[in-house]
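Fold and geometry: a report
Here is how the chains run, residue by residue.
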Amino acid sequence: AFDPVSGDKKKGLRKLGELYNDKSLPVGVWARAALSYARLAQLMNSRKELYGDVASSIDVKKVLRRVIDREPDSNDACVAVFYQSCGDFDSGDPQMINSAFKWLEAFIANFKGERDLLIPLHLLADQEYILLKKDYSAALGHLTKAYRLGVVNPKDSEVVLYRIGRIYDIKL
């Protein structure tokens, strides 16, 4: 995204923007370019001390929503929801945070793709319900769903089971 030789902080962002706007790309390639473009802009906007206003004109939510609208039941849509939810949860704006929880729950409930694609969203929801709302029952529900969907990595599976037990033991 950054050309260290020229110091051009916009070069990679411009290229991703061109790919995002290229209607001739196959949907899968376009979606990956769109996700990269949105995520890079999101990161650049969060690090203004390094990047200034390089990405401030990019409507990250619009880019991510376009991915979701184009492929609503895909892995790319789940990634887009993850990125957008993270941005909203990190905003510090209570209204935006509440909307993010509702939107995330609605996306999960209406998702018609392979259910195991939702595991990262359940794990994100678990963390945010605890951090932002202190809602341990909702967090437990998401942890349980993630575990039942089949957290693949045995180490991650152990962590999820530990967290479930910990919430029951300490909070519920």
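Residues numbered from 1 in each chain as written. Predicted model: local features only at pLDDT ≥ 70, side-chain atom pairs only at ≥ 80, totals over all residues. Heavy atoms only, no water.

1. Structural notes on the overall build of the protein chain
Counting secondary structure elements, the protein chain contains 9 helices and 0 strands. Seen along its three principal axes, the alpha-carbon backbone of the protein chain occupies a region of about 55 × 35 × 30 Å. Out of the 172 residues belonging to the protein chain, those deemed buried represent 40%. Total accessible area computed for the protein chain in this model is approximately 9,800 Å², and 54% of it derives from carbon and sulfur atoms. Averaging the positions of the 26 positive and the 23 negative side-chain charges in the protein chain gives two centres separated by 2 Å. (Helix = DSSP H or I, 4+ residues; strand = E, 2+ residues; numbered from the N terminus. Buried < 20%, exposed > 50% of the residue type's maximum accessible area, 1.4 Å probe, protein only. Areas by Shrake-Rupley, 256 points an atom, 1.4 Å probe, with all protein chains shown as cover. Lys, Arg positive; Asp, Glu negative; His and termini not counted. Charge placed at Lys NZ, Arg CZ, Asp CG, Glu CD.)

2. Looking at the side chain of Ser85
Inspection of the secondary structure assignment puts Ser85 in helix H5 (residues 75-89). Of the residues examined, Ser85 reaches a relative accessible area of 0% and is grouped as buried. Not counting chain neighbours up to four residues away, the residues in contact with Ser85 comprise Trp103, Leu104 and Leu124. (Contact = heavy atoms within 4.5 Å.)

3. Considerations on the packing of aromatic side chains
Counted according to the given criterion, the structure contains 5 aromatic pairs. Ring geometry for Phe89 and Phe101: centres 4.7 Å apart, planes at 50 degrees, overall tilted. Of this pair, Phe89 sits in helix H5 while Phe101 sits in helix H6 (residues 94-110); the two residues are 12 residues apart in sequence, bridging distant segments of the chain. By the ring-pair criterion, three or more aromatic residues cluster together here, those being Tyr20, Trp30 and Tyr37. Here the guanidinium or amino end of Arg70 rests over the ring plane of Trp30, the centre of that ring lying 4.4 Å away. (Phe/Tyr/Trp six-rings, centres within 6.5 Å; stacked < 30°, edge-to-face > 60°. Lys NZ or Arg CZ within 6 Å of the ring centre and 35° of its normal.)

4. A word on unusual backbone geometry
Its identity as a non-glycine residue notwithstanding, Lys134 has a phi of 55 degrees, on the positive side. The topology assignment puts Lys134 in the loop between helix H7 (119-133) and helix H8 (136-149).

5. A closer look at helix H2 (residues 27-46)
With 20 residues, H2 ought to run about 28 Å at 1.5 Å a step, and its terminal C-alpha atoms sit 28 Å apart, in line with that. Looking at H2, one finds that the buried residues are Trp30, Ala31, Ala33, Ala34, Leu35, Tyr37, Ala38, Leu40, Ala41, Gln42 and Met44. (Expected span 1.5 Å × (residues − 1).)

6. Considerations on the environment of Asn75
Tracing the backbone shows Asn75 in helix H5. Separated by 41 residues in sequence, Asn75 and Asp116 have C-alpha atoms that sit 9.6 Å apart. When residues no more than four places from it in sequence are discounted, the contact partners of Asn75 are Arg32 and Leu117.

7. Things to note about the packing of H2 against helix H4 (residues 60-70)
For the pair H2 and H4, the least separation of the axes is 9 Å and the interaxial angle reads 155 degrees. What the angle tells us is that H2 and H4 run roughly antiparallel. Judged by the twist between their axes, the crossing of H2 over H4 is left-handed. Contacts between H2 and H4 involve Val27, Trp30, Ala31, Ala34, Leu35, Tyr37, Ala38, Ala41, Gln42 and Asn45 on the former and, on the latter, Val60, Val63, Leu64, Arg66, Val67 and Arg70. Here the contact of H2 with H4 is built from residues that sort into 12 nonpolar, 2 polar and 2 charged. (Axes fitted to C-alpha atoms, helices over the stretch in contact; angles between N-to-C directions. Parallel < 35°, antiparallel > 145°, perpendicular 65-115°, else oblique. Left-handed = near helix turned anticlockwise from the far one by under 90°. Nonpolar A, V, L, I, M, F, W, Y, C, P; charged D, E, K, R; others polar.)

8. A closer look at helix H9 (residues 154-171)
For H9, with 18 residues, the first-to-last C-alpha span of 25 Å sits near the 26 Å given by 1.5 Å per residue. Of all the positions in H9, only Ser157, Val160, Ile164 and Ile167 are classed as buried. For H9, the angular spread of buried residues about the axis comes to 90 degrees, placing them on one side. Summarising the geometry of H9, the exposed residues directed more than 90 degrees from the buried face are Pro154, Lys155, Glu158, Tyr162 and Asp169. Residues of H9 that are buried make contact with H7 and H8. (Arc of directions from axis to C-beta.)

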